[in-house]
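Secondary and tertiary structure notes
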Number of protein chains: 2
Amino acid sequence: MNPESRNGNGADSLVKTLVANGVDVCFTNPGTSEMHFVSALDRIDGMRCVLGLFEGVVAGAADGYYRIADKPASTLLHLGPGLANGLANLHNAKKAGSGIVNIVGEHASYHLECNAPLTTDIEAIATPMSHWVRTSHSAADVARDGAAAITEARQPPGRIATLVLPADTAWNDGAAVAQAEAPAARRAPETASVADAARALTRGHPAALLLGDIAVREEALLLAGRIAAKTGCRILSEYALARLQRGAGRVTTERIPYAVDPALAMLKDVGELVLVGARVPVAFFAYPGKPGVLTAPGCQVTTLAASGDEQLAALQALAEHLGATSTRPAHLARLDRPGLPSGAITPEGIAAVLAALLPEHAIVVDESITTGRGFNPAMSAAAPHDWLNIVGGSIGWGLPAATGAAIAAPERTVIALEGDGSAMYTLQALWTMARESLNVKVLVFANRRYRILQGELANVGAGTPGRKADDMLSLDRPALDWVSLARGHGVDGQRADDLDGLAKCLSRALAAPGPSLIEVVI
Amino acid sequence: MNPESRNGNGADSLVKTLVANGVDVCFTNPGTSEMHFVSALDRIDGMRCVLGLFEGVVAGAADGYYRIADKPASTLLHLGPGLANGLANLHNAKKAGSGIVNIVGEHASYHLECNAPLTTDIEAIATPMSHWVRTSHSAADVARDGAAAITEARQPPGRIATLVLPADTAWNDGAAVAQAEAPAARRAPETASVADAARALTRGHPAALLLGDIAVREEALLLAGRIAAKTGCRILSEYALARLQRGAGRVTTERIPYAVDPALAMLKDVGELVLVGARVPVAFFAYPGKPGVLTAPGCQVTTLAASGDEQLAALQALAEHLGATSTRPAHLARLDRPGLPSGAITPEGIAAVLAALLPEHAIVVDESITTGRGFNPAMSAAAPHDWLNIVGGSIGWGLPAATGAAIAAPERTVIALEGDGSAMYTLQALWTMARESLNVKVLVFANRRYRILQGELANVGAGTPGRKADDMLSLDRPALDWVSLARGHGVDGQRADDLDGLAKCLSRALAAPGPSLIEVVI
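A few points on the structure.

Definitions and cut-offs
- Residues numbered from 1 in each chain as written.
- Chains lettered and ligands numbered in written order.
- Predicted model: local features only at pLDDT ≥ 70, side-chain atom pairs only at ≥ 80, totals over all residues.
- Heavy atoms only, no water.
- Salt bridge = Lys/Arg side-chain N within 4 Å of Asp/Glu carboxyl O.
- Helix = DSSP H or I, 4+ residues; strand = E, 2+ residues; numbered from the N terminus.
- Buried < 20%, exposed > 50% of the residue type's maximum accessible area, 1.4 Å probe, protein only.
- Axes fitted to C-alpha atoms, helices over the stretch in contact; angles between N-to-C directions.
- Parallel < 35°, antiparallel > 145°, perpendicular 65-115°, else oblique.
- Left-handed = near helix turned anticlockwise from the far one by under 90°.
- Contact = heavy atoms within 4.5 Å.
- Nonpolar A, V, L, I, M, F, W, Y, C, P; charged D, E, K, R; others polar.
- Phe/Tyr/Trp six-rings, centres within 6.5 Å; stacked < 30°, edge-to-face > 60°.
- Least-squares fit on C-alpha atoms with pLDDT ≥ 70 in both.
- Polar contact = N/O pair within 3.5 Å; in protein donor to acceptor, adjacent residues only side chain to side chain.

1. Remarks on the pattern of salt bridges
Residue and element names in this part refer to chain B. According to the stated counting rule, one finds 53 salt bridges over all chains in the structure shown. Its salt-bridge partner being Asp386, residue Arg243 comes within 3.1 Å of it at the nearest N-O pair. Of this pair, Arg243 sits in the loop between β8 (234-237) and β9 (244-246) while Asp386 is found in strand β14 (residues 385-389), placing the two residues 143 residues apart along the sequence. An identical accessibility class is assigned to Arg243 and Asp386; each is buried. Across the pair Arg412 and Asp386 runs a salt bridge, and its minimum N-O distance is 2.8 Å. Here Arg412, found in the loop between α14 (398-408) and β15 (414-419), pairs with Asp386, found in strand β14; they are 26 residues apart in sequence, far enough to count as distant.

2. Regarding the packing of helix α3 (residues 55-69) of chain B against α14(B)
Axis angle and axis distance: for two packed helices, these are the angle between their axes and the distance between the axes, and together they describe the pair. Residues and elements named next belong to chain B. Interhelical geometry of α3 versus α14 gives an angle of 45 degrees and a closest axis separation of 6 Å. Viewed along their axes, α3 and α14 adopt a mutual orientation that is oblique. In this structure, the crossing between α3 and α14 has a hand that is right-handed. Packed against α3, whose contacting residues are Gly56, Val57, Gly60, Ala61, Gly64, Tyr65, Ile68 and Ala69, the element α14 presents Pro400, Ala401, Thr403, Gly404, Ala405, Ile407 and Ala408 at the interface. In the contact of α3 with α14, the residues fall into 10 nonpolar, 5 polar and no charged.

3. What about the packing of aromatic side chains?
Tallied over the full model, the rule gives 15 aromatic pairs over all chains. Arranged with centres 5.6 Å apart and planes meeting at 55 degrees, the rings of Phe284(A) and Phe285(A) form a pair that is tilted. Accessibility expressed as a relative area gives 4% for Phe285(A), which makes it buried. Seen from their ring centres, Phe375(B) and Phe445(B) are 6.2 Å apart, and the 90 degrees between their planes marks the pair as edge-to-face. Pair noted here: Phe375(B) is in the loop between β13 (362-367) and α13 (376-380) and Phe445(B) is in strand β16 (residues 440-446), with a separation of 70 residues, a long-range link. For Phe445(B), a relative accessible area of 0% gives the class buried.

4. With respect to the relation of the copies chain A and chain B
Of the two same-sequence chains, chain A is brought onto chain B (RMSD 0.0 Å, axial shift 0.0 Å) by a rotation of 180 degrees. In the structure described here, the two chain copies are related by an operation that fits a two-fold rotation axis. Comparing contact sets, 100% of the residues at the interface of chain A also lie at the interface in chain B, consistent with an isologous, same-surface contact.

5. Considerations on the interface of chain A and chain B
Counting residues at the interface gives 100 residues for chain A, matched by 100 residues for chain B. At the boundary of chain A and chain B, one finds 50 residue pairs in polar contact (both at pLDDT 80 or more). Per-element tally for the side of chain A that touches chain B: the top contributor is helix α4 (residues 79-96) of chain A, with 8 residues. Looking at the side of chain A that touches chain B, its residues break down into 56 nonpolar, 31 polar and 13 charged.

6. Some words on the side chain of Arg412(B)
Residue and element names in this part refer to chain B. Residue Arg412 is classed as buried on the basis of its relative accessible area of 15%. In this structure the side chain of Arg412 is engaged in a polar contact, spanning 2.7 Å, whose partner is the backbone oxygen of His361. Separated by 2.8 Å, the side chains of Arg412 and Asp386 make a polar contact. Aside from chain neighbours lying at most four places away, what touches Arg412 is Ile68, Arg243, His361, Ala362, Ile363, Asp386 and Asn439.

7. Things to note about helix α2 (residues 35-43) of chain A
Taking burial as the measure, the 9 residues of α2(A) include 7 buried ones, the bulk of the element. Regarding α2(A), the residues found buried are Met35(A), His36(A), Phe37(A), Val38(A), Ser39(A), Ala40(A) and Leu41(A).

8. Considerations on unusual backbone geometry
Cis geometry marks the peptide bond from Arg477(A) to Pro478(A), where omega comes out at -10 degrees. Along the chain, Pro478(A) falls in the loop between α18 (467-473) and α19 (482-488). Cis geometry marks the peptide bond from Pro156(B) to Pro157(B); its omega dihedral reads -15 degrees. Relative to the helices and strands, Pro157(B) is located in the loop between α6 (142-153) and β6 (160-166). We note that Asp213(A) has phi near 45 degrees; this positive angle belongs to a residue other than glycine. Inspection of the secondary structure assignment puts Asp213(A) in the loop between β7 (207-211) and α9 (218-231). The phi angle at Asn115(B) is positive, at roughly 50 degrees, despite the residue not being glycine. Summarising the element assignment, Asn115(B) is placed in the loop between β4 (100-106) and α5 (122-126).

In structure tokens, the structure reads:
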């Protein structure tokens with residue numbers, strides 16, 4: 001680079017473009033090919049850089065960040081293999097509608113013909129988990145390409161944009177800062193859809209709203225509550241939600257269960273289903289002899305607003321159409337902090353401890369898999385909070401997502417609920433929590449097995465586990481020691497063997513700043 | 001499945017086919033869609049199943065296994081995201097020429113239209129890191145498809161074969177066991193190539209053999225030593241080798257350095273380079289103003305045998321052509337166990353401790369990155385051992401590869417040399433070592449930084465790190481506590497702060513069976 005170059009090098013132009021467009025957090029795990037980008041971060045103000053020690057942490061943090069900040073973060077990943085390590089959490093982000101701007105370093109363009117050890121087809125690796133992939137072809141293009149990536153990532157619902165940055169486009173002279181387009185407006189509700197939805201809810205059949213995407217935020221829920229009060233419909237929500245606003249003062253929803261039989265039971269009497277930011281509910285997996293689509297036979301499905309549409313306006317229009325805008329909302333939750341339970345650890349007991357101690361406006365990141373399935377009722381009467389689910393189903397999302405959520409909202413407490421099996425995939429996130437002094441309290445439910453799979457083995461008709469199958473589904477022999485794992489990453493760890501202990505550990509964790517982990521032995 | 005079905009279900013037919021063809025180890029991280037395969041493992045004898053708590057462990061273990069067993073293992077991975085988590089180590093395996101049979105579960109074929117949360121384009125995810133990808137289309141095809149995958153994985157050098165197994169092809173009735181084709185013979189040397197190589201070595205220019213692939217095994221090295229003695233040529237080896245046989249009684253090689261300047265210096269006088277299982281040496285990365293190809297201008301390159309060719313026979317033919325079959329080999333290493341050094345930790349001191357204490361026929365897995373670069377001279381005079389490098393350059397390979405190597409050779413001691421940065425990517429391998437009581441001794445060189453990147457920042461002309469760049473390259477604040485991390489995974493941990501301590505810790509670790517970790521504070 002010419003040191004007198006007005007715009008700096010390509011990496012400078014990209015960092016400036018990101019910052020100028022409000023993308024001011026970068027979750028990073030860089031390598032040699034990204035050193036000019038790292039160096040640009042030194043020279044240019046305005047970007048918060050957060051190091052992850054594994055790329056799954058980086059990608060999952062960007063997902064958690066988007067859900068709370070409602071705007072994309074950037075990631076910095078090292079070549080094709082570094083991107084590959086982030087793919088599982090990019091998958092989760094993609095399914096959750098989280099926007100992310102991935103910056104993936106590449107060999108200098110003229111070096112590719114050498115077929116050096118780390119050479120891969122980066123665009124091919126990126127494509128399955130990205131909505132948009134581009135490789136910059138010259139340093140002068142980098143700012144413009146970066147702005148295009150931001151434009152794409154901001155589309156509602158958020159999208160995964162992956163920009164591949166060959167090293168020479170980072171170190172040669174860059175162009176001026178480029179402006180991304182303003183986020184596209186969400187599609188406004190159509191009069192016909194509103195009228196169709198109103199008819200569906202008032203036809204006299206048992207009816208339900210099914211909410212997803214941003215229709216499970218506080219204001220939208222209140223409107224759904226008014227509509228339910230007016231029409232008698234039920235309010236369901238998808239099994240996995242990017243961000244549910246729940247707790248006292250908010251309208252509660254019935255969460256569609258993970259397991260097929262209870263899901264079918266919940267939906268069996270629903271003759272009219274109105275989708276608001278949701279999809280027709282389907283089984284997570286196929287099971288021999290069970291249906292994939294979970295609605296009852298003959299159920300009529302009406303789409304009021306799709307994911308990415310303006311769901312709040314659609315619910316407002318529907319409430320107006322029904323004359324329900326002043327109706328007192330149904331299913332409004334009131335604060336009901338339970339007393340602290342004691343005795344042996346049970347899922348209900350854990351939920352009661354959580355509900356009793358949950359700080360106002362906490363963010364709860366739920367990757368508790370089997371243990372947390374029944375938490376909904378107790379948590380609905382807890383202090384108001386945001387509840388984030390793993391939407392894409394690829395475990396190893398929770399600790400990274402909690403990290404990103406805490407970066408997005410440093411003033412709030414983040415509580416991460418983790419199965420021990422799922423926490424192990426990306427436990428390196430603990431270190432980032434420690435380095436950044438993030439206010440994350442991690443509860444690891446240590447049942448010492450892939451309990452979900454022990455159930456699934458039977459569900460798919462594969463019988464009961466013999467010795468070898470049991471070995472594949474158990475995490476004991478040896479038991480993981482989560483207190484030591486936390487300490488190893490620089491995080492304070494405690495262990496709770498009963499509900500009294502859990503309440504004590506959680507109180508202590510909430511009273512101190514910074515990250516903390518509690519192993520809840522089940 | 002019809003319980004009377006003669007062949008069992010598709011999963012049964014696959015497990016039987018794997019076992020019948022000698023693929024008798026499966027590194028697994030299963031999910032719901034693989035439960036029938038897991039169940040089949042219960043019913044069918046002959047498959048050793050090894051659980052990894054993250055898919056990067058599974059894929060890297062299969063790589064390490066192949067290098068020592070010289071035959072493929074299978075992996076069991078959960079859908080597209082599970083495969084994605086394994087891609088980085090599949091990349092390393094692909095670059096190392098390790099054969100692997102990946103079994104990737106998929107939703108039942110009829111469930112794909114539901115677009116359930118975990119639905120992805122698995123073939124697209126597999127393709128960048130696989131030589132061969134196939135999806136079974138019916139249960140009756142599974143045995144045949146499995147045999148085809150084995151045939152492919154066994155091609156020399158080993159190849160990555162990925163078989164996608166929809167759940168219904170696992171649970172419907174399968175066909176009979178299928179036979180894989182015998183491994184293809186490696187291509188025999190051509191008379192013309194042998195004559196060309198002989199001319200290159202005897203033309204009077206400074207000449208060198210450059211060895212890679214299986215040309216760095218003991219017998220091939222002895223032939224190289226005879227040829228060197230006869231012609232005066234040097235014996236070089238590639239920077240990264242799948243499996244170098246080194247130590248007392250073996251012919252030593254000059255390893256091409258990672259850094260460009262010392263590599264150019266090593267090659268500057270080589271006018272004739274004869275490749276045996278090796279490629280023309282190239283720089284790992286591009287650096288402004290430095291060449292990508294490392295041979296000197298005007299250097300003549302002759303290929304005696306490519307990777308995958310019959311390199312031993314080629315060297316034998318060359319030795320015969322030169323009349324060197326009885327020549328005493330040059331560069332034959334003699335055992336020279338140094339005394340145990342003491343004092344502060346230095347790379348040379350670590351190498352001396354290792355060389356002094358190394359058990360005979362140990363397997364050393366080297367992902368020590370910066371710390372281990374200078375170990376070659378001391379280790380050449382140690383007891384004979386196998387030395388495995390990370391070939392694809394994607395860090396997070398060492399602990400998994402050590403796991404797989406130990407499964408392949410339970411009677412041997414495995415020593416894993418790890419940088420702290422690289423060990424963090426796949427530290428979950430420690431748990432598998434504990435569960436399987438593997439005889440792996442892990443040395444983590446805790447320099448608490450990505451030291452290689454601190455050098456690379458300067459090498460690419462990106463200047464000296466400021467505060468933010470330094471944050472991205474440092475692993476302190478907080479320091480990782482490897483003794484606690486080991487304990488958390490069920491592995492005994494020790495810490496060494498000086499060479500005396502390292503010698504004590506390593507002696508203690510070698511005296512006890514099972515896994516053990518030493519944090520070497522640098």
